[in-house]
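Structural features, examined
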Amino acid sequence: MKIGFIGLGVMGHGMAKNLLQNGFHLSGYDRSKEAIQGLLPFGAQISDSPQQLAQVSDVIITMLPNAGAEQEVIFGQNGIISGVRPGTVLIEMSTVSPEIPRRVAKSGAVFGMEVLDAPVSGGASRAEKGTLTIMVGGEEEIFKRCLPVLHSLGDKVYHVGATGTGASMKIVNNLMLGINMVGVAEALHLAKSLGLKPQAVFEIAQMSSGESYALKAKVPRAIQKHHSGKTKTEPGSPIDLQHKDLEIALQIGRGNGLNMDLTTFVLNIYEVAQELGAGREDISAMIELWPQLKPT
Ligand code: NAD
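Reading the values: the criteria
Residues numbered from 1 in each chain as written. Predicted model: local features only at pLDDT ≥ 70, side-chain atom pairs only at ≥ 80, totals over all residues. Heavy atoms only, no water. Helix = DSSP H or I, 4+ residues; strand = E, 2+ residues; numbered from the N terminus. Rg over C-alpha atoms; globule rule 2.2 N^0.38 Å. Buried < 20%, exposed > 50% of the residue type's maximum accessible area, 1.4 Å probe, protein only. Contact = heavy atoms within 4.5 Å. Areas by Shrake-Rupley, 256 points an atom, 1.4 Å probe, with all protein chains shown as cover. Lys, Arg positive; Asp, Glu negative; His and termini not counted. Charge placed at Lys NZ, Arg CZ, Asp CG, Glu CD. Domains from an automatic or database assignment. Buried area = accessible area lost by both parts, 1.4 Å probe. Salt bridge = Lys/Arg side-chain N within 4 Å of Asp/Glu carboxyl O. Polar contact = N/O pair within 3.5 Å; in protein donor to acceptor, adjacent residues only side chain to side chain.

The helix and strand inventory of the chain stands at 14 helices and nine strands. For 296 residues, the compact-globule estimate of 2.2 N^0.38 gives 19 Å, and the chain sits close to it at 20 Å. Oriented by its inertia axes, the alpha-carbon framework of the chain measures out at about 65 × 45 × 35 Å. For the chain, with 296 residues in total, the buried portion stands at 50%. A fraction of 65% describes how many contacts in the chain between residues 6 or more apart in sequence connect residues 24 or more apart. Carbon and sulfur atoms form 55% of the exposed surface of the chain, whose accessible area is close to 14200 Å². The positive charge centre, built from 26 side chains, and the negative charge centre, built from 28, are 4 Å apart in the chain.

Here it is, written out as structure tokens:
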């Protein structure tokens, strides 16, 4: 099975490397030359465009920042659609609104292209280890056909339902994370004002009902950054991406007539963090920034 991989960034690099190490023939494409260079030592072939990549791939994976990039790579000039062969499966692993894979599946069907939406949870380190959680939407038969590929990338692979349900699940998950993260930030500052040590709060809360992923994964990172004195954290789950996911959740929730007051409030807090220039920092930076994050 020949794989084409588009988007060799923080997540895509480790994922593509795992596919190569699991014996797949892989051709890569990214608009960044640096990202392409990074994959060459692992035996990847390089394509000059998504079109060229589509011409030589049985399965195409996209791992791109947002819907705009997906649109460009699939339907733009020299895009996937212009080179795709009937029977090819496109696995959209980028985090986007569920309407995107639904639209792509409809347009792709005209060219005989099948589509799965398969966004992931887990940052760069789990991408590197091949231990991502993957939530998949699309026809069960195509899902089963793609399992060897998906199992090379993640050890928890779920078929959620029809096209778009993987993307839906991911947005729901990241809404929880985005809200939890600011909850942890506020609670830690309350703890500090009460004279509690962050390390003690972390150790006790993770064994108590305050436990969450935001606490377990992000508080040690914030404490480590504070003690190392570094001005920036290493790339992780950037505030910009979290903001994008909250925006998608808000748009869908409002469209469905739901009360999204909390999401609106939290989204605004992430916007303030972006205005302070922290968009590329890991979301754990919300803890340190908290005193400055007054909603506008
Ligand atoms: P990234 O910005 O590090 O990588 C994206 C790559 O896509 C870059 O190498 C960029 O050059 C390339 N690219 C962008 N637009 C392009 C275009 N039009 N044509 C060709 N290449 C293009 O992003 P990332 O952190 O790897 O995230 C990728 C996706 O995974 C996002 O949708 C994100 O929400 C999701 N995600 C990220 C994390 C995380 O912790 N970083 C975790 C889970 C899911």
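There is more to say after this.
With that settled, consider unusual backbone geometry. Phi at N78 takes a positive value of approximately 55 degrees, unusual for a residue other than glycine. Among the structural elements, N78 can be located in the loop between α4 (67-75) and β5 (89-92). On the basis of relative accessibility, which here comes to 38%, the residue N78 falls in the partly exposed class.

Domains assigned within the chain are domain 1 (2-162) and domain 2 (169-292). If you average the C-alpha positions of domain 1 and of domain 2, the two centres end up 28 Å apart. Taken residue by residue, the interface counts 12 residues in domain 1 and 10 residues in domain 2. Here domain 1 meets domain 2 over a buried area of about 890 Å², counting both sides, of which 68% is carbon and sulfur. Area buried by domain 1 at its contact with domain 2 is led by T95, S97 and M135, which between them contribute 42% of it. The interface formed by domain 1 and domain 2 contains zero salt bridges. Scanning the region where domain 1 abuts domain 2 turns up three residue pairs in polar contact (both at pLDDT 80 or more).

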